Protein chains: 2
Amino acid sequence: MIEIERKFLIKEPNVLLAKLINGNQIRQGYLFTENAKSCRVRVKGAKGFLTLKFGTDLLSRTEFEYEIPFEEACELLSQCDKVLQKTRYEIPVGHHVCEIDVFSGALDGLILAEIELSDAAETIELPSWVGEEVTHDPRYLNVNLINGL
Amino acid sequence: MIEIERKFLIKEPNVLLAKLINGNQIRQGYLFTENAKSCRVRVKGAKGFLTLKFGTDLLSRTEFEYEIPFEEACELLSQCDKVLQKTRYEIPVGHHVCEIDVFSGALDGLILAEIELSDAAETIELPSWVGEEVTHDPRYLNVNLINGL
């Protein structure tokens, strides 16, 4: 499927953090990365996922995601040089669900908000804690964040 | 799982080909290849598979295989630069199942036999049509055959 996603920094982290409940711990690594594609393994709570992403347009990429056995996901994670850790929360923003990623480990202090859209031109009303948009900034791709670890 | 597999050329192709029935057409390509690992997408009959292989020992590699929707496998195949085509037959050899790959397209004329073992030291009684063993010859890895296309 095609995934259309806008990504933002947070300008009032304390306001946002107070709203967050029931996060899912995520550990993820990249088995393969090339310029325009990646193969990611993720453990989220007690589930495992293998995800292929294609495309250089950071707003809209083609994604194929498959749930895989938890134990195999852990084994695949152990094949990755670097593993990124974050806790993901979901909160409503207007008619959308906003995914908040609170990073830990070496990226402690970084928080990113992602809003998935059904159409790239769709407008969203942003809450006050939303900061600078970084959708088109490749530094905030998880695959690049992890390479900085 | 760890896959232990011995691979052979065929010295009497006509004797072998006469025995083959009910083959499955396979189209496969590689989404990612690095020295010691690969990510393959395969369409086999009406099914799709995504397969990760790790390891440099050509006799014994670690493999993770996931069935994926047929349509998505076709879409992923279209992301591959090169696609290999072969028909796979299974015939019994002693207590084992032998997979016979009859290649078509640019590799027309090539036939390979693969026998999966539960233990690397296991002995197998080979039929007369089995030729030179190429288990340790990297030229006969599908990922390398495809690069020669």
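1. Some remarks on the overall build of chain A
Within chain A, the regular secondary structure consists of three helices and nine strands. Counted from the first residue to the last, chain A has its helices and strands arranged as β-α-β-β-β-β-α-β-β-β-β-α. Projected onto the principal axes, the alpha-carbon positions of chain A cover approximately 40 × 30 × 25 Å. Contacts in chain A between residues far apart in sequence, at least 24 positions, make up 59% of those at least 6 positions apart.

2. Some points on the relation of the copies chain A and chain B
For the pair chain A and chain B, the superposition axis carries a translation of 0.0 Å, the fit reaches an RMSD of 0.0 Å, and the rotation angle comes to 180 degrees. What the superposition gives is, in effect, a two-fold axis relating one chain to the other. Across chain A, the rotation axis passes nearest the C-alpha of A:Phe32, at a separation of 3.3 Å.

3. Re the interface of chain A and chain B
Contact residues are listed per partner, giving 18 residues for chain A and 18 residues for chain B. Between chain A and chain B, a total of about 1,800 Å² is buried, with carbon and sulfur atoms accounting for 73% of that surface. Area buried by chain A at its contact with chain B is led by A:Phe32, A:Phe64 and A:Tyr66, which between them contribute 35% of it. Linking chain A to chain B there are zero salt bridges. Where chain A touches chain B, the interface holds four residue pairs in polar contact (both at pLDDT 80 or more). The element that contributes the greatest number of residues to the side of chain A that touches chain B is strand 5 (residues 60-68) of chain A, accounting for four residues.

4. A word on helix 2 (residues 70-77) of chain A
In an α-helix there are 3.6 residues to a turn, and that puts residues three or four apart on one side. Taken together, the buried positions of helix 2 of chain A are A:Ala73, A:Leu76 and A:Leu77. Buried positions in helix 2 of chain A, seen along its axis, are confined to an arc of 100 degrees and lie on one side of it. Its buried side turned inward, helix 2 of chain A meets strand 2 (24-34), strand 3 (37-44), strand 4 (47-54) and strand 5 of chain A together with strand 4 (47-54) and strand 5 (60-68) of chain B.

5. Re the environment of B:Arg40
All names here are of chain B. Residue position: Arg 40 is located in strand 3 (residues 37-44). A residue is classified by how much of its surface remains accessible, and Arg 40, at 6% relative accessible area, is buried. Sequence separation between Arg 40 and Gln 28 is 12 residues, and the spatial gap between their C-alpha atoms is 7.0 Å. Only 3.2 Å separates the side chain of Arg 40 from the side chain of Glu 65, close enough to count as a polar contact.

6. Examining the pairing of strand 7 (residues 96-103) of chain A
Residues and elements named next belong to chain A. Taken across its eight residues, strand 7 has seven buried, putting it largely inside the fold. Bridging between strand 6 (residues 84-93) and strand 7 involves eight bridges; their strand directions are antiparallel. When the sheet's bridge partners are listed, Pro 92 is paired in strand 7 with Val 97. Adjacent in sequence and paired antiparallel, strand 6 and strand 7 are bridged by two residues, among which Gly 94 carries a positive phi angle near 60 degrees. Bridging between strand 7 and strand 8 (residues 111-117) involves five bridges; their strand directions are antiparallel. Following the sheet pairing, Ile 100 is matched in strand 8 by Ala 113.

7. What about the side chain of B:Asn142?
Residue and element names in this part refer to chain B. Locating Asn 142 in the fold gives a position in helix 3 (residues 142-147). Classification of Asn 142 by relative accessible area gives buried; the value is 9%. Apart from residues lying up to four places away in sequence, Asn 142 is in contact with Lys 7, Gln 28, Tyr 30, Leu 84, Lys 86 and Phe 103.

8. So, unusual backbone geometry
Of note in this structure, A:Asn22 is not a glycine but carries a positive phi near 55 degrees. Counting through the fold element by element, A:Asn22 comes out in the loop between helix 1 (13-17) and strand 2.

9. Observations concerning the confidence of the model for chain A
In this model, chain A carries a mean pLDDT of 93, and residues with pLDDT of at least 70 account for 100%. Both scores are available for the predicted complex, with the pTM at 0.88 and the ipTM at 0.85.

10. Examining the pattern of salt bridges
Side chains that differ in charge, positive against negative, can pair when their charged atoms come close. Within the structure shown, the criterion is met by 20 salt bridges over all chains. For A:Lys53, the salt bridge goes to A:Glu3, with nearest N and O atoms at 3.5 Å. Here A:Lys53 is found in strand 4, whereas its partner A:Glu3 is found in strand 1 (residues 2-10), with 50 residues between them in sequence. Put simply, B:Glu34 and B:Lys37 hold a salt bridge, and the shortest N to O gap is 4.0 Å. Through salt bridges with shared partners, a single network forms among A:Lys86, A:Arg88, A:Glu99 and A:Asp101.

Cut-offs and rules
- Residues numbered from 1 in each chain as written.
- Chains lettered and ligands numbered in written order.
- Predicted model: local features only at pLDDT ≥ 70, side-chain atom pairs only at ≥ 80, totals over all residues.
- Heavy atoms only, no water.
- Helix = DSSP H or I, 4+ residues; strand = E, 2+ residues; numbered from the N terminus.
- Contact = heavy atoms within 4.5 Å.
- Least-squares fit on C-alpha atoms with pLDDT ≥ 70 in both.
- Buried area = accessible area lost by both parts, 1.4 Å probe.
- Salt bridge = Lys/Arg side-chain N within 4 Å of Asp/Glu carboxyl O.
- Polar contact = N/O pair within 3.5 Å; in protein donor to acceptor, adjacent residues only side chain to side chain.
- Buried < 20%, exposed > 50% of the residue type's maximum accessible area, 1.4 Å probe, protein only.
- Arc of directions from axis to C-beta.
- Pairing = 2+ DSSP bridges.
- pLDDT = per-residue confidence, 0-100.

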